[in-house]
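The lines below spell out each chain.
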Amino acid sequence: MSKIVKIGKVLIGGGNPIAIQSMTNTKTAEIEHTTRQIKLLQKAGCEIVRVAVPDLESARAVKEIKKNVDIPIVADIHFDYRLAIEAIKSGADKIRINPGNIGEDWKIKELAQIAKQYQIPIRVGSNIGSLKRDFEQKYDRATALAESALHEVHLLEKFDFFNIVVSVKSSDVLETIKANEYVAHRVDYPIHVGITEAGTYDTSIIKSSVGIGYLLLQRIGDTVRVSIAGDPIREVYVARRLLVSLHLRKGGQVIACPTCARTEFDVETIASQVESLADETGLTIAVMGCVVNGIGEGKHADIGVAGTKDGAVIFKDGSIIKVVKKEKIYDELTAMIKKTTNVNVE
Ligand code: SF4
């Protein structure tokens with residue numbers, strides 16, 4: 001089991017729940033804009049949020065952003081160690097650096113001293129895109145990724161800094177798995193897992209589910225990020241559903257039939273519409289195209305709907321509780337969910 005590391009109010013490692021992480025894609029220095037996105041991410045279920053700090057203005061913006069939000073902020077810094085120091089002084093709850101591009105060891109030493117003084121962790125690690133040539137020449141790609149990260153870990157340890165989180169990421173699933181296994185067998189710091197640059201939505205959810213899922217089932221990984229090109233809110237939903245599907249987190253889900261010639265209503269639309277309700281309420285909701293198979297196959301759901309010739313039936317525990325007209329399926333289903341959970345469904 002990994003060590004426990006504290007990121008703001010969130011504890012990771014040591015058997016704590018796997019935390020969902022994402023990253024803003026606003027200009028960090030645009031405080032209002034960034035704050036709004038962080039709040040949306042948090043509402044979606046994000047527990048740790050990373051912001052890019054490409055300049056001094058962004059490093060200083062962390063201080064103002066922190067006043068407006070209630071979620072740990074990780075400052076992501078490349079190249080200029082002074083930005084990391086400024087972000088720490090602005091209240092960042094963790095910094096993420098790549099020592100390889102920060103430069104001389106004395107800069108890392110100074111950074112480690114300040115992070116220690118402010119009692120915040122540092123995430124180090126490697127991405128396949130920024131591997132140093134000597135590691136690439138010496139090892140296969142996955143091992144190079146892992147050895148490069150371990151080199152950075154040992155550098156921090158040399159400066160008496162042990163409040164560390166590690167990550168090793170590739171856009172290749174098998175490389176990421178192998179590199180994480182390698183690191184996990186050698187150090188006991190918490191590991192942040194994800195497939196980097198995983199691509200657009202469909203590709204990313206496949207690669208991330210396979211890669212992150214495989215690692216988590218081996219108990220490797222303490223925080224996760226599903227990297228998807230575009231709106232980061234979707235990253236959080238996917239990460240959440242991934243954790244729920246692995247039984248690593250309680251939560252709702254939608255069971256929907258694949259549809260066939262017996263389908264009596266637009267299953268795909270209703271299933272998509274109730275997906276956020278499942279997230280909000282924690283219920284398992286079955287959306288089934290017909291009563292022939294639907295009620296039986298959806299009987300383990302908390303509530304379900306199955307199509308009939310004239311509309312649909314809403315069922316619970318395998319028994320019909322209401323007959324509804326086709327055009328009222330969504331309204332009646334949401335009303336019933338509201339009644340079941342006392343959740344204020346909009
Ligand atoms: S539940 Fe009914 S409509 Fe859906 S796939 Fe099964 S048989 Fe077809």
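See the structure above.
Residues numbered from 1 in each chain as written. Predicted model: local features only at pLDDT ≥ 70, side-chain atom pairs only at ≥ 80, totals over all residues. Heavy atoms only, no water.

Participant: Describe the nonpolar core, and please don't skip the residues or the numbers.
Facilitator: Ile 77, Ile 95 and Ile 97 are the most contacted members of the largest nonpolar core, which totals 78 residues. Those residues in contact with Ile 97, other than ones at most four positions away along the chain, are Ile 77, Ala 84, Ile 102, Ile 108, Leu 111, Ile 122, Arg 123, Val 124 and Gly 125. Judged by nonpolar contacts, the second largest core, of 28 residues, contains Val 254, Val 267, Ile 295 and Phe 315. (Core = buried A, V, L, I, M, F, W, Y, C linked by side-chain atoms within 4.5 Å. Buried < 20%, exposed > 50% of the residue type's maximum accessible area, 1.4 Å probe, protein only. Contact = heavy atoms within 4.5 Å.)

Participant: Describe helix H8 (residues 173-184), with residues and values.
Facilitator: Along its twelve residues, H8 runs 16 Å from first to last C-alpha, staying within 8% of the 16 Å computed at 1.5 Å per residue. Listed in full, the buried residues belonging to H8 are Val 173, Glu 175, Thr 176, Ile 177, Ala 179, Asn 180, Tyr 182 and Val 183. Against the buried residues of H8 lie helix H7 (141-158), strand E8 (164-169), strand E9 (192-193) and helix H9 (201-217). At the N-terminal boundary of H8, the capping side chain belongs to Asp 172, with an oxygen 3.1 Å from the backbone nitrogen of Leu 174. (Helix = DSSP H or I, 4+ residues; strand = E, 2+ residues; numbered from the N terminus. Expected span 1.5 Å × (residues − 1). Polar contact = N/O pair within 3.5 Å; in protein donor to acceptor, adjacent residues only side chain to side chain.)

Participant: How would you sum up the packing of aromatic side chains? Please name residues and give values.
Facilitator: According to the stated counting rule, one finds two aromatic pairs in the structure shown. Measuring from centroid to centroid gives 5.5 Å for Tyr 81 and Trp 106, while their planes differ by 80°, and the two rings are edge-to-face. Taken together, the positions of Tyr 81 in helix H3 (residues 81-89) and Trp 106 in helix H5 (residues 105-117) put the pair 25 residues apart, joining distant regions of the chain. We classify Trp 106 as partly exposed; its relative accessible area is 48%. Relative to Tyr 139, the ring of Phe 135 lies with its centre 6.5 Å away and its plane at 20°, an arrangement referred to as stacked. Given the relative accessible area of 12%, Phe 135 is considered buried. We note Arg 186 situated over the ring of Tyr 182; from NZ or CZ to the ring centre the distance is 3.6 Å. (Phe/Tyr/Trp six-rings, centres within 6.5 Å; stacked < 30°, edge-to-face > 60°. Lys NZ or Arg CZ within 6 Å of the ring centre and 35° of its normal.)

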